[in-house]
Amino acid sequence: MMDRPKDGPLALLLLLLGHMISALEVPLDLPQPPTITHQSPKDYIVDPRENIVIHCEAKGKPHPSFSWTRNGMHFDIDKDPKVLMRPGSGTLVMDISGGERSEAYEGIYQCSAHNELGTAVSNSIVIRQSRSPLWSKERISPIIAQKGQSLILHCRPPAGLPPPIIFWMDNNFQRLPQSRRVSQALNGDLYFSNVQPEDSRSDYICYARFPHTQTIQQKQPISVRVLDMDSLNDTLADYLNDTDLFSDKPAEERAPVFMVPSESVSSKMVLRGEVLEMECVADGLPTPAVSWVKRNGEIPSGRASFLNFNKTLRIMDVSEADAGEYRCFAKNRHGSVHHSIRVTVNAAPYWISAPRNLVLAPKEMGIITCRAAGHPKPSIRWLVNGLPIEDAPKDPSRRVEEDTLIFSEVQTGSSAVYQCNASNLYGYLLSNAFVNILAEPPRVLTLPNIIYQVIRNKPALLECVVFGSPVPTITWFKDSRSSMLEGNAYVFHENGALEIHMSQPSNSGKYTCVARNNLGISENHVYLEVKEPTRILRPPEYQVVQRNRDVVFECKAKHDPSLVPTMTWLKDDRELPDDERFRVDSDRLTITDVTESDAGTYTCIMNTTLDQDSASAQLTVVEAPPTPTVIYEQPGVPTDLELTDPGARSVQLTWTPGDEHNSPIKKFLIQYEDALHQSGVWHNLTEVPGTKTTAHLKLSPYVHYSFRVLALNDVGFSHPSMPSRQFRTSPAAPDENPTEVKGHGTEHNNLVITWKPLTPLQANGPGLQYKVMWRQLDMEKDWTSVSVANVSKFVVSGTPTFVPYEVMVQALNDYGPGPKPSAVIGYSGEDFPSAAPGNVRILVLNSTLAEVHWSPVSLESVRGRLQGYKVHYSRERSLHRHNSHQGKQRTEIFSPNKTSGMLPDLLPYSVYSLRVTAFNGRGEGPSSVPQRFETPEGVPGTPSFFKVSAIDLDSLTLEWGPPHERNGRLSGYTFKYQTVNSKNDLGLLEELDLPSNQSSFTLHNLSHSTRYKFYISARTQRGSGPTLTEEAVTILDRAPSVTPAFGNVSSSLSEDGALISWDYWGPEKHLYVEYIIDNSEEDWHREKVNGSQVHVLKGLKRGLVYKVRVVARGHQSEELLVKVPAMVSPQVDIATQGWFIGLMSAIALLILILLIICFIKRNKGGKYPVKEKEDAHGDPEIQPMKEDDLTFGEYSDEDHKPLKGSRTPSSGTVKRDGSDDSLVDSGDTQFNEDGSFIGQYSGRSDRDATHDSSEPPSPVNAMNSIV
């Protein structure tokens, strides 16, 4: 048998065995452990002017009670009248309106929500007061700088919490102008790459704004005067006594030098998800330009931005890919310089798979996974009900496998809340997930009799949200319960919803969803109505109306008669003007007294509650005629079409326009017909303004053109003109090549080249062919080509297997080739892989699940594109000799990047063979060396039969057969029976344990004329299998009959074997002698007796003890022990002596009793003399505590009193969980920021007090101790 795995994949495998109800919410009327629903952020900076509110909200059934710790110690809110807990909530409110200082409440707080099913804990919430200290007073001397020199004005703001926002302004509160030459750095200092005379001013003021308090502090103004050499001698004497001069030489132009950073190479660490900011500020004259690059990579364009005139590079939402070396370059006409910044990206823990709540029924199994990533890799620690899991009471149904909790055979009452803590140097994650053990029949949470309406041919989604434990199975029925819905027309979602892809009227009706589990059944009815779609039958038409006239747009639509329609009109996709001239009726829009502003596009929209349809029409407003006789009409038909100036691919068309009919012609539309390729079809060719009557037409080769012209005015298009004479263009070589060129293989030695052929119009001439060209990529210099016609593919044979080719297809006709085509890359055909995966290993996880690992095949052996791996496995035989039939071969397929996979649905206690292959587009390669593995025992199947073989007045004999599927070594049978009265009421259930080798049993002293119900199930070490039942009735009271009986059963040993003799009084003629090795799990061996009352058992092994009995139909004798002696020896084996076996059994029993007493004593705990410690050290709440002390302090449970400093729940009672030193009753426990226990109950020993400081713990020390 293979070893169990110890790593993460086990959790994925168990998803197939245990079930997690992660998507379901437990209804609030059912018992459930607490769940934290709202809490304050981990780092909580408070405004000192406002009350402090620390949120902690939770739900549960019963509703949870709340308690808090502060700096790891119980926080007794009753001792501080300024601290209140909101009713029904764990939210704390610290009232500082009376002048209290909020610093007094700084510290690390953690909330616990508990009910009788478990305890959930919040994050550790660090409370810190916002600080906005004043600027230290200083005298700033005026600064004199020469023109062209660099300059730094330091801000150096006071350290605030959070850090202040820095900006520079003048006395008038106007921001100082910044540029590529003058800019503010990330630290708030103001940098001048070179100063100019316009920089002279006396009010450079640095301001610091503190966000939480919304206060602004300002630095003393800084005076700067910039001198050039012409005025330096005039002003030197005035400033020499009280200022500093930077230089006595004029500044000259110079190459760039970095002011920030000062060194040539720097490094920067940033956390994943944060903002990375890098800056480079350069000194130089002229002002240098700064640019950025990343070595061996690209700066992410979507997340990166260049700020501060390119001096700052900011990258948002940093990822591991952003690590590397960045270089900033500063350049002017005198040279350039660069600086390298090496960026490393670490990561605080972040969830890959956060723990989820788990609801299980008794005897079920499931898992909770906690997967987090980070850099460095986070460590995972588990807690249960706020305690480290290793310190919590042992639960045999729970097992910890690194980041996975595995639950099996869970019991009622083992509900709890588990906390997963993932932490590294940069932070932690804490998540609660409860395990709720419920046995609940299904209940449908979806409201009954919901009517779903959907439009024909649209999808329909019918919901059926259910809850139950075990998880119910859901089936759907339509109209009646006669047949279950199935087939491709339906999609059954995991959440129970039923989806119909294309709804049809036949889908209308009543639907029933039925939820079942082993505890019951529940159903719900919903209704589906499929409606006809809304369609506009008569859309509005294009209208031309004279100004001051009325216009009417009609819009007639049909809709489902059961839906209420609404007609909406829009003008130019906006609401109609708020004008009484616009009148909307049921199916029309009327506009009276039309003006020029009414022209536009009008859209009618027919809406129902389910769908809509729309149509649009244009309104053109024209001037009213000067006299009633003027009529506006469409233009007259153009005439006199004439073709002139013919060219190879052009011709000039002229025509005579028709009558304008009082509306000027806006444009002419020219259309053509191709009589050679598409006779009778007219296509738009071009448009020309209405002022022109000539058009120069660009044409295509090998087309038989005819042209016609249409005129357009404000009223509409004219009728088309008569066609022109036919104009034929000469053939020419193709202007384009085929598109969609591809290359792929269908055999291991071919390449199939395909393309989309040209249309006849694209051919440009007769004799269209395709020149197909190919060559092996990077291997062949010359192209191989072939010309084909009337096809769209070509097969190249004899190619190497799966190699890249360059492929081109060029069009050519009788007049020459088309343009040079561009090459595309294709691959020749694949062959079967030549190698098998190696290093195949199997990890057996449980009786029905195994994991297989393998080494990937080399790329060279794939001989194609690797599509994945196939694992073929089959059951060879059972490990039990009574069941050895083989199973069908099964195959699991895995993606090419996988090197391991799961084998589900295995049969227990069996031998399996397995082989692994790689496969590509061609097929599978050779198999790996076959591997064999064995699955462990499982629960057995039902006994093969169960019947009543003999019925008497006061006894019944039952027989059964062993299960066909033993799934392991049978350890026995569980036999139960009870009476059944005339009303089918069941009596008291009796239970017996029978050995595995017994196949019949007689019940004596039964009541006559009584019905009995019998149950039997087989057992292995893994548990009991399914139960078979049988019923029988004892016979009526009658005169006693002669009952078969055995007597005087004895044995003697001879050279031939063991001689068994007996007396028998009874009617049965067929008797048997059965024997078995004592304490063996084998079946009884049976030998038939030939009519006598003696029988010799031959072939018994020496040195063994046998149990022997004589049996007849319905009766058996008492069992007789027969010891077959070993070879004669003068020595006596003390281990086989009865007195020695009895003595050893008594000693083992005594040791077991002592161990049980010690275990009980340890669970109750010793005495913890709190009183002496309080007398010696005062109040234990103010005693210091070693940070690395992880042991409990002493405590006395003599009076069952709560500890000093513990807080009684709001109900006024102290609830006990059966352990007097439970952490639930203790208020002085201390927790880390991540929720882990680090303290002790209260007090400390004298030895601890000797080595530790006597100062009380402070919030600052508490924050510094956070891991």
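That block above? That's the structure.
Residues numbered from 1 in each chain as written. Predicted model: local features only at pLDDT ≥ 70, side-chain atom pairs only at ≥ 80, totals over all residues. Heavy atoms only, no water.

Enquirer: What's the story with the overall build of the protein in this structure? I'm lost.
Expert: Of the regular secondary structure elements, the protein holds 8 helices and 95 strands. Within the protein, the proportion of its 1267 residues that are buried is 44%. When contacts within the protein are restricted to residue pairs at least 6 apart in sequence, those whose partners lie at least 24 apart make up 66%. Here the protein has roughly 66400 Å² of accessible surface; of this, 51% comes from carbon and sulfur atoms. (Helix = DSSP H or I, 4+ residues; strand = E, 2+ residues; numbered from the N terminus. Buried < 20%, exposed > 50% of the residue type's maximum accessible area, 1.4 Å probe, protein only. Contact = heavy atoms within 4.5 Å. Areas by Shrake-Rupley, 256 points an atom, 1.4 Å probe, with all protein chains shown as cover.)

Enquirer: So what exactly am I meant to see when it comes to the sheet that holds strand 16 (residues 190-192) here?
Expert: Hydrogen bonding along the main chain pairs the strands of a sheet, whether they run parallel or antiparallel. If you trace the 3 strands from one edge of the open sheet to the other, you get 13-16-15, paired in antiparallel fashion. Edge positions in the sheet fall to strand 13 (151-153) and strand 15 (182-184), since each of these pairs with one other strand and no more. In this sheet, neighbouring strand axes are inclined to one another by 15 degrees on average, regardless of whether the strands run parallel or antiparallel. In terms of strand pairing, strand 15 meets strand 16 through 3 bridges, oriented antiparallel. Counterpart to V182 in the pairing with strand 16 is F192. (Pairing = 2+ DSSP bridges. Axes fitted to C-alpha atoms, helices over the stretch in contact; angles between N-to-C directions.)

Enquirer: Help me understand the state of the cysteines, please; the structure alone is not making it clear to me.
Expert: Chemically, a disulfide is nothing more than a covalent bond linking the sulfur atoms of two cysteines. Scanning the model with the defined rule gives 6 disulfides in all. Between the sulfur atoms of C280 and its disulfide mate C328 the distance is 1.9 Å. On the sign convention where negative is left-handed, the bridge of C280 and C328, at about -70 degrees about the S-S bond, is left-handed. Of this pair, C280 sits in the loop between strand 23 (276-279) and strand 24 (281-285) while C328 sits in strand 28 (residues 324-332), placing them 48 residues apart in sequence. The burial state of C280 is the same as that of C328; both residues are buried. (Disulfide = S-S within 2.5 Å.)

Enquirer: How should the pattern of salt bridges be read in this particular structure?
Expert: Close approach of charged atoms lets side chains of opposite charge pair. The full count for this structure, using the stated rule, is 47 salt bridges. Among the ionic pairs, D403 bridges to R371, the shortest N-O distance being 3.5 Å. Residue D403 is found in the loop between strand 35 (398-401) and strand 36 (404-407), and its partner R371 is found in strand 32 (residues 371-375); the two are separated by 32 residues along the sequence. With respect to burial, D403 and R371 carry one shared label: buried. (Salt bridge = Lys/Arg side-chain N within 4 Å of Asp/Glu carboxyl O.)

Enquirer: In this structure, what is going on with the pairing of strand 82 (residues 972-980)? I would like to understand it.
Expert: Looking down a regular strand, the side chains alternate between one sheet face and the other. Most of strand 82 is tucked away: 7 of the 9 residues are buried. The pairing of strand 82 with strand 85 (residues 1011-1020) spans 9 bridges and is classified as antiparallel. Opposite V980, over in strand 85, you have R1011 as the bridge partner. Here strand 82 runs beside strand 83 (residues 990-994); their pairing, made up of 5 bridges, is antiparallel. Note that in strand 83 the partner of Y973 across the bridge is L994.

Enquirer: How do you make sense of unusual backbone geometry when you look at a structure like this?
Expert: A negative phi angle characterises most non-glycine residues, just as the trans form characterises most peptide bonds. For the bond from L285 to P286, the omega torsion is 0 degrees, close enough to zero to count as cis. Its identity is not glycine, yet D640 carries a phi of approximately 55 degrees, on the positive side. Tracing the backbone through its elements, the reader meets D640 in strand 58 (residues 639-644). Its identity is not glycine, yet D645 carries a phi of approximately 50 degrees, on the positive side. With respect to the element layout, D645 can be found in the loop between strand 58 and strand 59 (650-656).

Enquirer: It is not clear to me how the sheet that holds strand 61 (residues 678-689) should be interpreted in this structure. Could you clarify?
Expert: The sheet built from 4 strands is open, its strands ordered 61-60-63-64 with antiparallel pairing. Strands at the two margins of the open sheet, each flanked by one partner only, are strand 61 and strand 64 (727-728). Bridging between strand 60 (residues 667-674) and strand 61 involves 8 bridges; their strand directions are antiparallel. Residue pairing for strand 61: D674 is matched across the bridge by Q678.

Enquirer: Is there a simple way to explain the nonpolar core in this structure?
Expert: In globular proteins that are soluble, nonpolar side chains generally tend to be buried together. Ranked by size, the top nonpolar core spans 28 residues in total, and within it I54, W68, F75, L92, M94 and Y109 carry the most contacts. For this core, the elements supplying multiple residues, two or more each, are strand 3 (52-54), strand 4 (56-61), strand 5 (65-70), strand 8 (92-94), strand 9 (107-115) and strand 11 (125-129). What Y109 contacts, discounting residues up to four positions off in sequence, is I54, W68, T69, R70, F75, M94, N123, S124, I125 and I127. (Core = buried A, V, L, I, M, F, W, Y, C linked by side-chain atoms within 4.5 Å.)

Enquirer: Is there a simple way to think about the side chain of S340 in this case?
Expert: By the element assignment, S340 lies in strand 29 (residues 335-353). Of note is the side chain of S340, whose polar atom sits 3.2 Å from the side chain of R327. If we ignore the near neighbours within four places in the chain, the residues touching S340 are S264, V265, S266, E325, Y326 and R327. (Polar contact = N/O pair within 3.5 Å; in protein donor to acceptor, adjacent residues only side chain to side chain.)

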